[in-house]
Amino acid sequence: DAGVIQSPRHEVTEMGQEVTLRCKPISGHNSLFWYRQTMMRGLELLIYFNNNVPIDDSGMPEDRFSAKMPNASFSTLKIQPSEPRDSAVYFCASSLTGGGRTEAFFGQGTRLTVV
Amino acid sequence: GDSVTQMEGPVTLSEEAFLTINCTYTATGYPSLFWYVQYPGEGLQLLLKATKADDKGSNKGFEATYRKETTSFHLEKGSVQVSDSAVYFCASTGANNLFFGTGTRLTVIP
């Protein structure tokens with residue numbers, strides 16, 4: 001398996017523009033996580049899905065952020081409109097949760113810069 | 001609620017020194033525990049794990065023992081190398097979630 005695949009690897013956009021980050025989890029995994037990493041705040045969980053259903057989105061910073069998982073092999077994180085403070089590395093991770101025993105596998109991340 | 005607390009860094013060691021990074025967890029039930037490592041410019045990679053009390057996870061010379069009595073999972077390595085320089089994250093499973101510590105940056109100097 002190729003692992004968790006994220007695209008793009010790097011994104012530079014102007015303030016106010018819409019940004020869409022994409023994630024393909026490992027085949028067969030039933031949980032998917034979106035994290036944001038910054039120097040100031042470290043690694044923050046934004047949202048996680050179980051069996052394509054959003055379970056906890058309390059980490060989503062505000063209404064500008066939205067995430068979808070239309071099927072088991074694809075998820076998106078959208079920011080509209082983007083702001084400079086959204087600049088961060090966004091990671092997607094997937095796992096096979098059966099009693100919460102298994103580890104999560106991370107993608108390489110998308111480095112977002114909003115200017 | 002469930003959470004993980006790990007030693008704040010940064011930690012700077014000389015090559016071949018002994019490493020300990022402390023990690024404690026708070027959980028309802030019996031979580032699985034993990035250490036992840038993040039090298040510069042990369043995502044997090046699983047370093048080692050333990051799924052029940054007294055289990056010892058080990059990989060690449062790193063070890064951590066699941067201590068239920070002290071709710072701890074401290075990471076240790078007897079002799080660090082320059083190539084071990086990275087950020088280390090302790091993590092604990094919840095019902096369907098994964099809780100991470102804030103990360104500890106390790107720098108090993110020759």
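About the criteria used
Residues numbered from 1 in each chain as written. Chains lettered and ligands numbered in written order. Predicted model: local features only at pLDDT ≥ 70, side-chain atom pairs only at ≥ 80, totals over all residues. Heavy atoms only, no water. Contact = heavy atoms within 4.5 Å. Salt bridge = Lys/Arg side-chain N within 4 Å of Asp/Glu carboxyl O. Helix = DSSP H or I, 4+ residues; strand = E, 2+ residues; numbered from the N terminus. Nonpolar A, V, L, I, M, F, W, Y, C, P; charged D, E, K, R; others polar. Disulfide = S-S within 2.5 Å. Buried < 20%, exposed > 50% of the residue type's maximum accessible area, 1.4 Å probe, protein only. 1 Å grid on protein atoms, 1.4 Å probe; cavity = no way out; pocket = protein on both sides within 12 Å on 5 of 7 lines; lining within 4 Å. Points joined across faces, edges and corners; volume = space filled by probe spheres on them. Pairing = 2+ DSSP bridges. Axes fitted to C-alpha atoms, helices over the stretch in contact; angles between N-to-C directions.

Draft legend 1. Fine view of the interface of chain B and chain A. Each side of the interface is counted separately: chain B has 22 residues, and chain A has 19 residues. Linking chain B with chain A are 1 salt bridge. Among the ionic pairs, Glu103(A) bridges to Lys49(B), the shortest N-O distance being 3.0 Å. If you list the elements that add at least two residues to the side of chain B that touches chain A, you get β5 (33–38), β6 (44–50), β10 (86–93) and β11 (98–100) of chain B. Among the residues forming the side of chain B that touches chain A, the class breakdown is 10 nonpolar, 9 polar and 3 charged.

Draft legend 2. Summary view of the state of the cysteines. Overall, the coordinates contain 2 disulfides over all chains when judged by the stated rule. Through a disulfide, Cys23(A) is tied to Cys92(A); the S-S separation comes to 1.9 Å. Its S-S torsion of about -70° marks the bond between Cys23(A) and Cys92(A) as left-handed, since a negative value means left-handed. One end of the pair, Cys23(A), is in strand β3 (residues 19–24); the other, Cys92(A), is in strand β9 (residues 88–95), with 69 residues separating them in the sequence. An identical accessibility class is assigned to Cys23(A) and Cys92(A); each is buried. In this model Cys23(B) forms its disulfide with Cys90(B); the gap between the sulfur atoms is 1.9 Å.

Draft legend 3. View of the layout of surface pockets. Space inside the largest pocket adds up to approximately 720 Å³. Around the largest pocket sit 27 residues that line it, and Gln37(A), Thr38(A), Met39(A), Gln38(B) and Arg105(B) are the ones nearest its centre. Secondary-structure elements contributing two or more residues to the lining of the largest pocket are β4 (31–38) and β9 of chain A together with β10 and β12 (104–109) of chain B. The element best represented in the lining of the largest pocket is β9(A), accounting for 3 residues. Of the residues in the lining of the largest pocket, the class split is 9 nonpolar, 12 polar and 6 charged.

Draft legend 4. Examining the sheet that holds strand β9 (residues 75–77) of chain B more closely. Residue and element names in this part refer to chain B. With antiparallel pairing, the 4 strands of this open sheet are ordered in space as β3-β9-β8-β7. The open sheet is flanked by β3 (19–21) and β7 (56–59), the only strands paired with a single partner. Strand-to-strand twist across the sheet, computed as the mean angle between neighbouring axes with direction ignored, equals 15°. The sheet contact formed by strand β8 (residues 62–65) and β9 spans 3 bridges and is antiparallel. Paired with Phe62 across the two strands is Lys77, which belongs to β9.

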